[in-house]
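# Secondary and tertiary structure notes
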Amino acid sequence: MSYSSFELLDHSRPIVVFGRDGQVGRALQICLNDLNVPAVFLGRADCDLTSESSIVEVLNHCQPKVIINAAAYTEVDKAESEPELAFAINAKAPELMAQYIAKVKDGLLIHYSADYVFGDSKKTSYVETDIPGPMSQLNAYGKSKLAGEVAIEKIFSVIQNETSSDSKNKPRYLILRTSWAYGDGDNFIRKILNLAFIQDGLCVVDDQIGVPTSASWLVEISLNLGFSRASSGIYHVVPDGEASWYHIAKLSIEEARQNGCHFTLKSENLQSISTLKYGSVAKRPHNSRMSNKKLRRALSEAGINVLIPHWSNQVKTYVKKYTESTMKTNSTLIV
Ligand SMILES: NC(=O)c1ccc[n+]([C@@H]2O[C@H](COP(=O)([O-])OP(=O)(O)OC[C@H]3O[C@@H](n4cnc5c(N)ncnc54)[C@H](OP(=O)(O)O)[C@@H]3O)[C@@H](O)[C@H]2O)c1
């Protein structure tokens, strides 16, 4: 992969990355460090995103031209009982980041959002021009992520409308919506494999359809889009294909078995269950599918030759790497 467009970076002003210790944050650390790109990675202890003054202080101190916000309140069920906290982290904090970048010549804000900004208003894949909501169908997490998107777009809409001769250097924002992400951290695939070691039966939801997305691939796409001068806006960053949670669980277990994992779970005891029967605190849409057509077009227009794989190939690669590393350390339980 070519990252020649990294020449655009001002190496005297490191990128500021929020969410250092999350799945996407960890993938960003690996990628940016490999590329020798100067970056400051901030965890919760360095900057608590519930503190507006801390965010402003850190940005004024670091003076970045590029902010990547991989931090978020991501506990979907818990958000139902603490929506104010979810809104502070998922809406107010990105608003402050946008306010900062909007004043920076050639600045760039990369912010992650989610499939859960959509309810169940459509039976086919959502595209970027589809209107999110309806609000009555969104869970608190989805509402907070949508509020973050709206806040960013509002701030940048003022700049986009300004008629200036310096339009080439206008600050930009990329809102990258992704879904069902997995990387180095707590995620669905690890949970399923963990349970397969200790339980002889498992019921997994089969009537929610979405696109599982590898965090490291998401990061690769984010950086390529960001540094190729892709236009400001929302992009759906998901691989090809679609699956239910049940299908992802089945494929992950089969792949892990092929890689030598000896599970307690019997194949015939992996069963599908409906959302209704499974029950969860927060409501989740049946349709979480997002189309990656706009992404494909943007990459092609920028001359970026990045593969958009099928989700199943990414999951197989992930399970292979993960099972190899856990078996190496003789560990069956996921940390
Ligand atoms: N994971 C998914 O399935 C999924 C799906 C759709 C969209 N997304 C979006 O993708 C982005 C990255 O997700 P992810 O999977 O990497 O999430 P993650 O693993 O849960 O990481 C989120 C990070 O945010 C940090 N954070 C939370 N509250 C904070 C606070 N008050 N101050 C500072 N940092 C705080 C957490 O810090 P600690 O480590 O200290 O807790 C954590 O490191 C998010 O915007 C998320 O909404 C994720």
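A brief look at the structure comes next. (Residues numbered from 1 in each chain as written. Predicted model: local features only at pLDDT ≥ 70, side-chain atom pairs only at ≥ 80, totals over all residues. Heavy atoms only, no water.)

## Some points on the packing of helix 6 (residues 215–226) against helix 9 (residues 293–301)
Close contact between helix 6 and helix 9 brings their axes to 11 Å; oriented N to C, the two are set at 50 degrees. In this view, helix 6 runs oblique relative to helix 9, as classed from their interaxial angle. Taken as a pair, helix 6 and helix 9 cross one another with a handedness that is left-handed. Touching W217, I221 and L225 of helix 6 are L295, A298 and L299, all from helix 9. For the contact of helix 6 with helix 9, the residue count by class is 6 nonpolar, no polar and no charged. (Axes fitted to C-alpha atoms, helices over the stretch in contact; angles between N-to-C directions. Helix = DSSP H or I, 4+ residues; strand = E, 2+ residues; numbered from the N terminus. Parallel < 35°, antiparallel > 145°, perpendicular 65-115°, else oblique. Left-handed = near helix turned anticlockwise from the far one by under 90°. Contact = heavy atoms within 4.5 Å. Nonpolar A, V, L, I, M, F, W, Y, C, P; charged D, E, K, R; others polar.)

## Examining the site of the ligand
Surveying the vicinity of the ligand reveals 24 residues, the closest of which are V24, T74, Y141, K145 and A181. Within the contact set of the ligand, an oxygen atom lies 2.9 Å away from a backbone nitrogen or oxygen of V24. One of the side-chain nitrogen or oxygen atoms of R44 is found 2.9 Å away from an oxygen atom of the ligand. Looking at the shell around the ligand, the elements with two or more residues in it are helix 1 (23–34), strand 4 (108–114) and helix 4 (140–161). With 3 residues, the top contributor of residues to the shell around the ligand is strand 4. Classifying every residue of the shell around the ligand gives 12 nonpolar, 7 polar and 5 charged. (Near = heavy atom within 4 Å. Polar contact = N/O pair within 3.5 Å; in protein donor to acceptor, adjacent residues only side chain to side chain.)

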